[in-house]
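# Observations on the three-dimensional arrangement
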Amino acid sequence: MDWRSQGPGGRHPPKVLENKQAKILWDFQIQTDKMVVANQPDIVVVDKHRKTVVVIDVAIPSDSNIRKKEHEKLEKYQGLKEEMERMWGMKATVVPVVIGTLGVVTPKLSRWLQQIPGTTSEISVQKSAVLGTAKILRRTLRLQGLW
């Protein structure tokens, strides 16, 4: 089944997508033995053959907050990373994908994107962020009584 047909408006993939090589968890609460504060990242990619886990969390803050937000994401999921490594016996990596509302990125973004299985270009995530910002602006500017 095509993930675009899932969820309201076809915008969300299923919570779990799996084949022989990989498992992808979307906005899925990870159960851990030890209590961790942040246990529901945006995306988790499990490579069954390489025995690796990539924890991906996305943020679109104001352009001036991108470095701070990137650091927050790394800190936020450190406990989950450690628990996954211990429980699942796999090497885990936390990947913050942080793009400013107007497309600004940190110097580390291309390195972070390389850690995500598949091909994710810097320009494609920047484009998504800017288009999302434009959509919010269009919706906001249509509000009655705003002007």
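Here, residues in each chain are numbered from 1, in the same order as that chain's written sequence. In keeping with the model being predicted, local features are shown solely for residues with a pLDDT of at least 70 and side-chain atom pairs are shown and tallied solely at 80 or more, while totals for entire chains, interfaces and linings include all residues. Excluded from the side-chain calculation are hydrogens and water; included are all heavy atoms of the structure.

## A closer look at a positive patch on the surface
Test applied: Patches draw on residues past 30% relative accessible area with no salt bridge. Two like charges within 9 Å are joined, as are two nonpolar side chains (Val, Leu, Ile, Met, Phe, Trp, Tyr) within 5 Å. Here, Shrake-Rupley sampling with a 1.4 Å probe gives the accessible areas, and only protein chains in the shown set may cover a residue. Throughout this description, the term salt bridge denotes a Lys or Arg side-chain nitrogen within 4 Å of a carboxyl oxygen of Asp or Glu. We count Lys and Arg on the positive side and Asp and Glu on the negative side, and we leave His and both chain ends out. The atom standing in for a charge is NZ when the residue is Lys, CZ when it is Arg, CG when it is Asp and CD when it is Glu. Strands are runs of DSSP state E lasting at least 2 residues, helices are runs of H or I lasting at least 4, and numbering of each runs from the N terminus.
Residues K135, R138, R139 and R142 make up a contiguous surface patch of positive charge. Structurally, R138 is set in helix α4 (residues 122-141).

## A word on the environment of Q78
Residue position: Q78 is located in helix α2 (residues 78-88). Separated by 15 residues in the primary sequence, Q78 and T93 have C-alpha atoms spaced 9.0 Å apart.

## Describing the sheet that holds strand β3 (residues 43-47)
Backbone-to-backbone hydrogen bonds join strands into a sheet, with any given pair of strands oriented parallel or antiparallel. Worth spelling out the cut-off: For two strands to count as paired, DSSP must find a minimum of two bridges between them. Angles here are taken between N-to-C directions and fall from 0 to 180 degrees, while the axes themselves are lines fitted to C-alpha atoms, restricted in helices to the stretch in contact. The contact criterion used throughout is that any non-hydrogen atoms of two residues lie within 4.5 Å.
Reading across the sheet, the 5 strands line up as β1-β2-β3-β4-β5 and stay open at both edges, with mixed pairing between neighbours. Each end of this open sheet is capped by a strand with a single partner; those strands are β1 (16-18) and β5 (91-98). When the angles between neighbouring strand axes are averaged without regard to direction, this sheet yields 15°. Note: β1 against strand β2 (residues 22-26), 3 bridges, orientation antiparallel. When the sheet's bridge partners are listed, V16 is paired in β2 with L25. Along the sheet, α2 makes contact with β3, β4 (52-59) and β5, crossing β5 at roughly 150°.

## Focus: unusual backbone geometry
What counts here: Relative accessibility thresholds used throughout: buried, under 20% of the residue-type maximum; exposed, over 50%; partly exposed, between the two (1.4 Å probe, protein chains only).
Its identity is not glycine, yet D27 carries a phi of approximately 50°, on the positive side. By the element assignment, D27 lies in the loop between β2 and β3. The backbone of K51 sits at a positive phi, close to 55°, despite the residue not being glycine. On the basis of relative accessible area, K51 is assigned to the partly exposed category, the value being 48%.

## Examining the nonpolar core
Under the convention used in this document: Put simply, buried Ala, Val, Leu, Ile, Met, Phe, Trp, Tyr and Cys residues joined by side-chain atoms within 4.5 Å make one nonpolar core.
By size, the foremost hydrophobic cluster in this structure holds 14 residues, and its most contacted members are I30, V44, V53, V55, Y77, L80 and M84. Going through the elements one at a time, β3, β4, α2 and β5 are the ones with two or more residues in this core. Once residues lying within four places of it in the same chain are set aside, the contact partners of V44 are K23, I24, L25, I30, V53, V54 and M84. Membership of the second largest hydrophobic core comes to 12 residues, among which are I56, V97, L109 and A129.

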